[in-house]
Structures are given as C-alpha cells and as structure tokens.
Amino acid sequence: MRSPFLSQVAIGVLPLIVVFALFLLLRGHDAPGGGFIAGLVTTIAFVLAALAFGAGSVRAALNPLACRMPWVGLFVAAASGLPAVARGRGFLTHYHVQIGGAETPAFHLSTTLLFDVGVYLTVVGAAIKVLDAFAAEASP
C-alpha cells in the first residue's frame with residue numbers, strides 16, 4: 001500500500017535531490033564530491049520514487065536506459081584518458097581549459113569532469129540494475 005503523503009513529499013523532494021546530485025557532480029572536479037557520490041544521491045532519488053509511486057512505474061521508465069548506462073559510463077570514463085595518450089602523456093592525465101576572457105568569468109572545463117560523468121553513469125546504471133533485481137525478487 002502506497003502512502004499519499006509519501007507521494008506528495010516525493011513530488012516536492014525529488015527535483016531537489018536531482019539538483020543536489022547535479023551540484024555534486026559539477027563540483028567534484030574542483031572540490032570534494034564527484035561522480036560517485038552524485039550517482040549515489042541520484043540512486044536515492046530513484047529509491048524514493050519507487051517507494052512513492054511503485055517500483056513498476058520506475059522500472060518501466062528506467063529499464064531501457066539501465067541496461068546500457070553502466071557500459072556507456074565505463075566508456076566515457078575510459079575515453080577521458082585518451083586525450084593525454086594522444087599527446088604522449090600518461091593515461092588519465094587530465095587537461096583543463098578555461099573559456100572566457102579577462103572581462104568575463106572563466107568557464108572551467110576539464111577531462112576530470114568527463115571522468116566524473118562516466119563514473120556517475122556507471123554508478124547510477126549499476127545501482128538501478130541491482131535495485132531492479134531486488135524489486136523483481138520481492139514482487140509476487
């Protein structure tokens with residue numbers, strides 16, 4: 001039996017959890033945080049959605065993505081090390097680029113962010129598959 005109160009709380013809290021996960025992901029290449037913890041926070045959002053709206057509805061929405069997500073994440077994380085190899089440096093030596101002039105704030109990009117995105121996709125995809133297995137086993 002699902003709780004209407006939990007459903008209403010989830011509607012309000014889920015967007016905040018996703019924004020917080022995005023903040024952790026984007027902050028991680030400069031400060032503590034990153035792809036792993038952002039992936040765990042996103043997984044918490046999926047668990048809350050499954051509890052509030054039913055595992056079947058969440059499974060139906062995420063199942064096409066969940067099969068490929070860990071593999072895409074591993075590919076993205078590994079690909080983040082290729083620019084260094086192309087320049088004769090060690091694998092996963094990260095490069096940073098700043099976009100913007102002296103008058104405008106610089107926009108900071110790095111291969112570290114690309115690595116974090118790969119870790120994020122891997123963690124979320126693997127966690128979704130594990131939770132899906134638990135939900136399938138628990139359903140009659």
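Use the structure listed above.
In this text, all values refer to a predicted model and were calculated from it rather than measured experimentally.

Another point: the environment of G54. Assignment of secondary structure puts G54 in the loop between helix 2 (35-53) and helix 3 (55-66). Aside from chain neighbours lying at most four places away, what touches G54 is R2 and A49.

Attention now moves to the packing of aromatic side chains. Scanning the entire structure with this criterion turns up 1 aromatic pair. Each ring, one from F20 and one from F23, has its centre 6.3 Å from the other, and the planes form 25 degrees; the classification is stacked. Residue F20 and its partner F23 are located together in helix 1 (residues 4-27), separated by 3 residues, close to a single helical turn. By relative accessible area, which is 44% here, F20 ends up partly exposed.

Between helix 1 and helix 2, the least distance of the axes is 9 Å, while the angle of their chain directions is 170 degrees. One finds that helix 1 runs roughly antiparallel with respect to helix 2. For the pair helix 1 and helix 2, the contacting residues are L6, S7, A10, I11, V13, L14, I17, V18, F20, A21, L24 and L25 in the first and G35, I37, A38, V41, T42, A45, L48, A49, L51, A52 and F53 in the second. Looking at the contact of helix 1 with helix 2 residue by residue, the class counts come to 20 nonpolar, 3 polar and no charged.

Attention now goes to the environment of G34. Secondary-structure assignment places G34 in the loop between helix 1 and helix 2. Classification of G34 by relative accessible area gives buried; the value is 1%. G34 has contacts with L24, L25, G28 and D116, leaving out every residue within four places of it along the chain.

Below, the discussion takes up a nonpolar patch on the surface. Together, V47, L51, V130, L131 and F134 make up a nonpolar patch on the protein surface, roughly 440 Å² of accessible area in all. Examining the composition of the nonpolar patch, we find that 3 residues originate from one element, helix 6 (residues 111-138), more than from any other. Structurally, the position occupied by L51 is in helix 2.

Right, let's get into the packing of helix 2 against helix 3. Closest axis-to-axis distance for the helix 2/helix 3 pair is 6 Å, and the angle between their directions is 130 degrees. It follows that helix 2 is oblique to helix 3 by the angle criterion. Across from F46, A49, A50 and F53 in helix 2, the residues of helix 3 making contact are A55, S57, V58 and L62. Per-class residue counts for the contact of helix 2 with helix 3 are 7 nonpolar, 1 polar and no charged.

A word on unusual backbone geometry. Here L92, not a glycine, exhibits a phi torsion of approximately 70 degrees, which is positive. Tracing the sequence through the fold places L92 in the loop between helix 5 (82-86) and strand 1 (96-99).

A few words now on helix 4 (residues 69-79). Turning to helix 4, its buried residues number three or more, namely M69, P70, G73, V76 and A77. For helix 4, the angular spread of buried residues about the axis comes to 125 degrees, placing them on one side. When the buried face of helix 4 is taken as reference, the exposed residues oriented beyond 90 degrees from it are W71 and F75.

What counts and how
Residues numbered from 1 in each chain as written. Predicted model: local features only at pLDDT ≥ 70, side-chain atom pairs only at ≥ 80, totals over all residues. Heavy atoms only, no water. Helix = DSSP H or I, 4+ residues; strand = E, 2+ residues; numbered from the N terminus. Contact = heavy atoms within 4.5 Å. Phe/Tyr/Trp six-rings, centres within 6.5 Å; stacked < 30°, edge-to-face > 60°. Buried < 20%, exposed > 50% of the residue type's maximum accessible area, 1.4 Å probe, protein only. Axes fitted to C-alpha atoms, helices over the stretch in contact; angles between N-to-C directions. Parallel < 35°, antiparallel > 145°, perpendicular 65-115°, else oblique. Nonpolar A, V, L, I, M, F, W, Y, C, P; charged D, E, K, R; others polar. Patch = residues over 30% accessible without salt bridge, like charges linked within 9 Å, V, L, I, M, F, W, Y side chains within 5 Å. Areas by Shrake-Rupley, 256 points an atom, 1.4 Å probe, with all protein chains shown as cover. Salt bridge = Lys/Arg side-chain N within 4 Å of Asp/Glu carboxyl O. Arc of directions from axis to C-beta.

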